[in-house]
Amino acid sequence: MFVYHELISTTKEYMSCVTAVDGEWLAELGPMFFSIKESFESALKRRQMERLNAAAMEKEMEERKRREEEEAKQESKKRLLLQNKELTGRSSAVATPGRLANATPKFMPKKRGRIGL
């Protein structure tokens, strides 16, 4: 591709101020105006690569999801074990000063005093 400033027409046509321009330069510097058309083979290869990449990403996502599920199961098992250990380690006895170790506190009714003055 050529870019010229002036075209001189005599018995032949002459161009002055001529510059050679590579099509890739136009696509690089002005992508909103120019694009490079892909050949059929390169477009086919690109689509195949996109499909392979999509399949690989899908497989990777499934593997990650499976791993996360396994980790969640292990975490819940650990949490249950810790809860069971905490529950079995706790004693339900209440420490009351002046009472026997396993004795139940006695019910003591309130003393009623005199009514009135």
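Counting restarts for each chain: residues are numbered from 1 in the order of the written sequence. Only residues with pLDDT of at least 70 get local features here, since the model is predicted, and only at 80 or more are side-chain atom pairs given and counted; chain-wide, interface and lining totals rely on the full set of residues. Excluded from the side-chain calculations are hydrogens and water; all other atoms, namely the structure's heavy atoms, are used.

Chemist: How would you sum up the overall build of the protein chain? Please name residues and give values.
Modeler: Each helix and strand in the protein chain was counted, giving two helices and four strands. Put simply, DSSP H or I for four residues or longer makes a helix, DSSP E for two residues or longer makes a strand, and each gets a number counted from the N terminus. Tracing the protein chain from N to C terminus, the helices and strands come up as β-β-β-β-α-α. Burial classification: accessible surface area is computed with a 1.4 Å probe over protein chains only, and a residue below 20% of its type maximum counts as buried, one above 50% as exposed, and the rest as partly exposed. With 117 residues in all, the protein chain has 4% of them scored as buried. A sequence separation of at least 24 residues applies to 3% of the contacts in the protein chain between residues at least 6 apart. When the accessible surface of the protein chain is split by element, carbon and sulfur atoms take 58% of a total near 12300 Å². By definition in these notes, contact holds between two residues if any of their heavy atoms fall within 4.5 Å. Note that accessible areas follow from Shrake-Rupley with a 1.4 Å probe, and for residues the cover is restricted to the protein chains shown.

Chemist: Could you give an account of a nonpolar patch on the surface, naming the residues involved and the relevant values?
Modeler: Exposure above 30% relative accessible area and the lack of any salt bridge qualify a residue for a patch; like charges then connect within 9 Å, and the nonpolar side chains Val, Leu, Ile, Met, Phe, Trp and Tyr within 5 Å. Throughout this description, the term salt bridge denotes a Lys or Arg side-chain nitrogen within 4 Å of a carboxyl oxygen of Asp or Glu. Where nonpolar side chains cluster on the molecular surface, the patch consists of Phe2, Tyr4, Leu7, Met15 and Val18 and spans about 500 Å² of accessible area. The residue Phe2 is located in strand β1 (residues 2-3) in this model. With a relative accessible area of 58%, Phe2 lands in the exposed category.

Chemist: Help me get a handle on the pairing of strand β2 (residues 6-9), residues and values and all.
Modeler: In short, DSSP must find at least two bridges between two strands for them to pair. Across four bridges, the pairing between β2 and strand β3 (residues 13-16) is antiparallel. Looking at β3, one finds that Ser9 is bridged to Glu13. Following β2, the chain reverses through three residues before pairing antiparallel with β3.

Chemist: I'd like to hear about the confidence of the model for the protein chain, residue by residue, with values.
Modeler: Looking at any residue, its pLDDT shows the predictor's confidence there, from 0 to 100. For the protein chain, the average pLDDT comes to 82, and 74% of its residues sit at 70 or higher. For the protein chain, β1 is the element with the lowest average pLDDT, namely 80, and helix α2 (residues 40-89) is the one with the highest, namely 91.

Chemist: Describe in detail unusual backbone geometry, supporting the description with residues and values.
Modeler: As a rule of thumb, non-glycine residues mostly have phi less than zero, and peptide bonds are mostly trans rather than cis. If you check the backbone angles, Cys17 has positive phi at about 55 degrees while not being a glycine. Its location among the elements puts Cys17 in the loop between β3 and β4 (19-20). The exposure class of Cys17 is exposed, given its relative accessible area of 56%.

Chemist: An account of the pattern of salt bridges is requested, with residue identities and associated values reported.
Modeler: All chains considered together, the criterion is met by four salt bridges. Residue Glu50 is joined to Arg46 by a salt bridge in which the shortest nitrogen-to-oxygen separation is 3.1 Å. Placement of both Glu50 and Arg46 in helix α2 is noted, with a separation of four residues, approximately one turn of the helix. Relative accessible area serves as the criterion here: at 35%, Arg46 is assigned to the partly exposed category. We note a salt bridge from Glu68 to Arg64, for which the minimum N-O separation is 3.3 Å. In this pair, Glu68 and Arg64 both sit in helix α2, four residues apart, roughly one turn of the helix. Take Arg64: its relative accessible area is 48%, and that puts it in the partly exposed class. One network of salt bridges, in which partners are shared, links Glu63, Arg66 and Glu70.

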